[in-house]
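# Structure at a glance
What follows is the residue order along each chain.
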Amino acid sequence: MLLGILRLALSGVLAGLVVAAATLPLALAAGGMAKAGSDTWENLPTNLATPRPAETTYVYASDAKTLITTFYDENRRDVQLDQVAKVLQQAVVAAEDARFYQHHGVDARGVLRAFVSNSRGGAQQGASTLTMQYVRNVLKNDASLTPQQHLEALADSPARKLREMRYAGALEKRMSKAEILRRYLNISYFGSGAYGIYAASQTYFGKVPAELTLPEAALLAGLLQSPDADNPLTGDRETALKRRAYTLESMAKMRVITPAEATAAKGTQLKLTERRLPNDCTSVAREHNDWGFFCDYFRQWWNSQPEFGATAMDRDENLRTGGYTVVTSLDPNVQATALAQSLGVYGYGSARSVPLAVVQPGSGRVLAMAVNRHFSLEANPREHPQYPNTVNQLISGGSGVDGYQAGSTFKMFTMLAALEAGLPLSTRFNAPARIVTNWPGSAGASCGGHWCPANDSPSWMDGERTMWNGFGRSVNTYFVWLEQQIGARRAVEMAQRLGIVFRGDLDVSLAAKAEGWGSFTLGTALTTPLDLANAYAAVAAGGLYCQPLPVLSITDPDGRPADAAGPKCKQAVDPDVAAAATDAARCPVSKGSSYGRCDGGTAEAVSGILSGRPVAGKTGSSENNATETFVGFTPQIAAAGIAVNVDNPNDYVGGGVSSSVNGAVAQTMAATLRGQPVQGFPAPSRARALG
């Protein structure tokens, strides 16, 4: 009978939200709570029982403190209640639900008051408790709901209100008030794109929730009713202050503060410290926009990890909503040095570049990725529209960047393949100025239809050579001959084993028919500084190849670590083979061979820059000095840089820049190693060295 009367009243008197508000609460007041709140924990929607709202992923540098950027659809980060100032908790309850600690999810007294006020034509009053508001927020954000269900969750209808009341009653039977308040604070919208109290505290006051003062807490609590309209940053500042005053007065009525404290807080000048989080790689702080290239590589890496989703799209969504804490391998100090060295060769105003990468042997962790470009979507000057702003991945490749020719640095792969095939470092060949091969000739290097490459400096390179001085002096004809002895396929396969990726269509085609790729040993394939540094890092690590890795750790919002953050390594080359190749690789940069067989190198100044440290490396010049490359390594570090015009391959950088590239890489290595212990290279076996 009572319910029938109420339904009649609802149809004739009330409208909107209060229509729904009247029905159940009056029944509750008459003792109908048990029947109305029949929902149990077990039959609640899954998202209400165990909600997981979208959270922001934070990406830090290797110190775990320096923020690189964040990724989010909704700026939100969950916090525990003990991480929120008590005064903020009190302010939210006072502003939104003063009887929160007295009711059981539905405040019958509040709904009756709203019913009477609204039916008499007074100011419209709502009757949603804080618990009911939490229910509404969860359902609104439930990704499992259909579009129609989302509309129903937000509809201004009696059915929606009744549903919220039933769910609120069920939640309060199972959850503590503290847990409901915690969840409410973490899911509520505070305006300016800030979801949850952590984001709100950061956005408006630049601090964590535990540090909020009484006036600040009251202001944020006051925003909950109309977070966009009352927003003091973009909306009505005066209304925001009025809402603050209302909250303070409510707190005084609840006796959680004194009237004097409320008066003092109302008189406090509003001081905002706006701090908007960056979102994605193009939002990296302007003073560190060079970090954007590393950030972009991290995102590419993330989207390739099956652990984070079945497809690249799923993984990207997980990055933006999963609330991860990522500590990357980016070392800000190493990055700053690498950038300074790259800029020392070509400035931001140059069309040419020196993309440079630094990798840690034994883990594959990427410490720095630098280039004389701004990672930015901002427009470039009309006279050079392609630089200095770009989001092209110039250092690691991908997204349309296939890489650059790295010249004689690819001789390393031929040498490793030859050593693996049983040829010792002492393998001798009387290298001529030009060698006629069995491979078909091409324009400019054809002798009777056969490919016949030449040495760049015959007077210094021709003559009887071994792998030691053939590598040290970068003798083309020696390594072309060596490649013929073992077959080009082995050299190509070795490069792939050490992580060289063929991105260009021509290279992919040639690799498929690798036996006919005679020019491979001279570095005609396209590569990137990151691939090259990481391949040489595997040699430095005794043949242990590790996939390049941009992270130190990844934890989810519950503190669980992600397996993807660990190094993925395999023994790609026999340690003694790697030791032998390293021994020869000391010849280009020093006379440090264990067997004393170095007699001249193309970058001997490098050993002076890394004075007192064993070092190995290799220079590389592509045809006509279109590019100049250097890659160096010690047991602890590997780095590579390539001088190139990334937008115009016909703009040859010239051989004169080679010493600058060598120095840029070496200086980066020296700075990275400063303060680290000196480590030596293991000597290869006599059999591997001398046969």
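Numbering of residues begins from 1 in every chain and follows the order in which that chain's sequence is written. In keeping with the model being predicted, local features are shown solely for residues with a pLDDT of at least 70 and side-chain atom pairs are shown and tallied solely at 80 or more, while totals for entire chains, interfaces and linings include all residues. Think of the side-chain values as coming from all heavy atoms in the structure, minus any hydrogens and water.

### Structural notes on the nonpolar core
For the purposes of this section, nonpolar cores are sets of buried Ala, Val, Leu, Ile, Met, Phe, Trp, Tyr and Cys residues that join through side-chain atoms within 4.5 Å. Classification of residues uses two cut-offs on accessible area relative to the type maximum, computed with a 1.4 Å probe and protein chains only: under 20% is buried, over 50% is exposed, and between them is partly exposed. Membership of the largest hydrophobic core comes to 104 residues, with the highest contact counts inside it found for Met412, Met415, Leu498, Ile554 and Phe633. Ile554 has contacts with Trp301, Trp302, Phe308, Tyr324, Thr325, Val326, Arg560, Pro561, Ala562 and Ala565, leaving out every residue within four places of it along the chain. Judged by nonpolar contacts, the second largest core, of 59 residues, contains Ala85, Val87, Leu88 and Leu185. Here a residue-residue contact requires only that any non-hydrogen atoms of the pair lie within 4.5 Å.

### Let's talk about the pattern of salt bridges
We count a salt bridge whenever a side-chain nitrogen from Lys or Arg sits within 4 Å of a carboxyl oxygen from Asp or Glu. On inspection of all chains with the given rule, the structure shows 27 salt bridges. Between Glu216 and Lys207 there is a salt bridge, with its nearest N and O atoms 3.1 Å apart. Judged by relative accessible area, which is 14%, Glu216 ranks as buried. With a shortest N-O distance of 2.4 Å, Arg276 and Glu274 are connected by a salt bridge. Its relative accessible area of 44% is what places Glu274 among the partly exposed residues. Overlapping salt bridges, with partners in common, bring together Asp73, Asp280, Arg299, Asp316 and Arg320 in one network.

### Examining the sheet that holds strand 7 (residues 366-370)
Strand-to-strand pairing in sheets goes through backbone hydrogen bonds, with the strands running parallel or antiparallel. The criterion for strand pairing is that DSSP finds at least two bridges linking the strands in question. Strands are runs of DSSP state E lasting at least two residues, helices are runs of H or I lasting at least four, and both sets are numbered from the N terminus onward. Taken in spatial order, the five strands of this open sheet run 7-6-21-20-19, and their pairing is antiparallel. Looking along the sheet, the strands with just one partner apiece sit at the ends: strand 7 and strand 19 (616-621). In this sheet, adjacent strand axes meet at a mean angle of 5° when their direction is disregarded. Where strand 19 meets strand 20 (residues 628-633), six bridges bridge the pair, whose relative direction is antiparallel. Within the sheet, the bridge partner assigned to Gly617 lies in strand 20 and is Gly632. To get an axis, a line is fitted to the C-alpha atoms, and for a helix only the part in contact is used. The angle between two axes follows their N-to-C directions and goes from 0 to 180 degrees. Lying over the sheet, helix 17 (residues 332-345) contacts strand 6 (356-359) and strand 7, oriented at roughly 30° with respect to strand 7. Sheet strands touched by helix 24 (residues 529-540): strand 6, strand 7, strand 19, strand 20 and strand 21 (638-643). Its angle to strand 6, the strand with the most contacts, is close to 30°.

### Focus on the packing of helix 7 (residues 130-141) against helix 9 (residues 158-174)
The N-to-C vectors of helix 7 and helix 9 enclose an angle of 110°; their axes lie 8 Å apart at closest approach. By the angle class used here, helix 7 and helix 9 are roughly perpendicular. Together, Thr131, Met132, Tyr134, Val135, Arg136 and Leu139 of helix 7 and Arg160, Lys161, Arg163, Glu164, Met165, Tyr167, Ala168, Leu171 and Glu172 of helix 9 make up the contact between the two elements. Only Asp, Glu, Lys and Arg are considered charged, only Ala, Val, Leu, Ile, Met, Phe, Trp, Tyr, Cys and Pro nonpolar, and every remaining residue, Gly among them, polar. The class makeup of the residues in the contact of helix 7 with helix 9 is eight nonpolar, one polar and six charged. Here the angle decides the label: under 35 degrees means roughly parallel, over 145 means roughly antiparallel, 65 to 115 means roughly perpendicular, and every other value means oblique.

### Quick word on the state of the cysteines
Any two cysteine sulfur atoms within 2.5 Å of one another count as a disulfide. For the coordinates displayed, the defined rule picks out four disulfides. What pairs with Cys447 in a disulfide is Cys452, and their sulfur atoms sit 2.0 Å apart. The chirality of the disulfide connecting Cys447 with Cys452 is right-handed, given an S-S dihedral of about 80°. The class for Cys447 is partly exposed, based on a relative accessible area of 26%. The buried category is assigned to Cys452, whose relative accessible area is 1%. Cys546 shares a disulfide with Cys569; S-S distance 2.1 Å. Between Cys546 and Cys569, the disulfide has an S-S torsion of 105° and is therefore right-handed.

### Observations concerning the packing of aromatic side chains
Put simply, two rings from Phe, Tyr or Trp (the six-membered ring, in Trp's case) pair if the centres are within 6.5 Å, and we call them stacked under 30 degrees between planes, edge-to-face over 60, tilted for the rest. In total, this model carries 24 aromatic pairs according to the counting rule given. Ring geometry for Tyr189 and Tyr195: centres 4.6 Å apart, planes at 35°, overall tilted. Measuring from ring centre to ring centre gives 5.2 Å for Phe410 and Phe520, while their planes differ by 65°; the resulting arrangement is edge-to-face. Here Phe410 is found in the loop between strand 10 (404-405) and helix 18 (411-420), whereas its partner Phe520 is found in the loop between helix 23 (505-512) and strand 15 (526-527), with 110 residues between them in sequence. Classification of Phe410 as buried rests on a relative accessible area of 0%. Take Phe520: its relative accessible area is 0%, and that puts it in the buried class. These aromatic residues form a ring-pair network of at least three members: Phe71, Phe298, Trp301, Trp302, Phe308 and Tyr324. Positioned over the ring face of Phe100 is Lys177, at 4.5 Å from the centre of the ring. Ring-over charges, as used throughout, are those where CZ of Arg or NZ of Lys falls within 6 Å of the ring centre and within 35 degrees of the ring normal. It is Lys618 that lies over the ring of Phe471; its NZ or CZ is 5.5 Å from the centre.

### Observations concerning helix 27 (residues 658-673)
If you check helix 27, its first and last C-alpha atoms are 23 Å apart, about what 16 residues at 1.5 Å a residue would give, namely 22 Å. All of the buried residues along helix 27 are Val661, Asn662, Gly663, Ala664, Val665, Ala666, Thr668, Met669, Ala670, Thr672 and Leu673. Where helix 27 ends, the next residue or the one after it, Gly675, has phi of about 90°, a positive value. The span expected for a helix works out to 1.5 Å for each residue beyond the first.

### Examining the layout of surface pockets
Reported here for the second largest pocket is a volume of approximately 1100 Å³. A pocket here means an open set of points on a 1 Å grid, computed over the protein atoms alone, that has protein on both sides within 12 Å along at least five of seven lines. A cavity is instead a set of points where a 1.4 Å probe fits but cannot get out; residues with an atom within 4 Å of a point line either one. Lining the second largest pocket are 45 residues; nearest its centre among them are Trp451, Leu522, Thr524, Ser622 and Glu623. For the lining of the second largest pocket, the leading source of residues is helix 23, giving four residues. Grid points are joined across faces, edges and corners, and a volume is the space filled by probe spheres set on the points.

### Describing the sheet that holds strand 2 (residues 67-71)
Taken in spatial order, the four strands of this open sheet run 2-1-5-17, and their pairing is mixed. If you trace the sheet from one side to the other, it starts and ends with strand 2 and strand 17 (551-555), each paired once. The average undirected angle you get between the axes of adjacent strands in this sheet is 15°. Two elements, strand 5 (residues 325-328) and strand 17, share four bridges in a ladder whose sense is antiparallel. Bridging from a neighbouring strand, Val326 pairs with Ile554 of strand 17. Most of the contacts of helix 15 (residues 291-302) go to strand 2, to which it runs at about 45°, and overall it touches strand 1 (57-60), strand 2, strand 5 and strand 17.

### Here's the deal with the pairing of strand 2
Taken across its five residues, strand 2 has four buried, putting it largely inside the fold. Relative to strand 2, strand 1 runs antiparallel, the two sharing four bridges. Bridge pairing links Tyr58 to Thr70 in strand 2. In textbook terms, the turn of a hairpin is the stretch between consecutive antiparallel strands, and for strand 1 and strand 2 this stretch comprises six residues, one of which, Ala64, has a positive phi near 65°.

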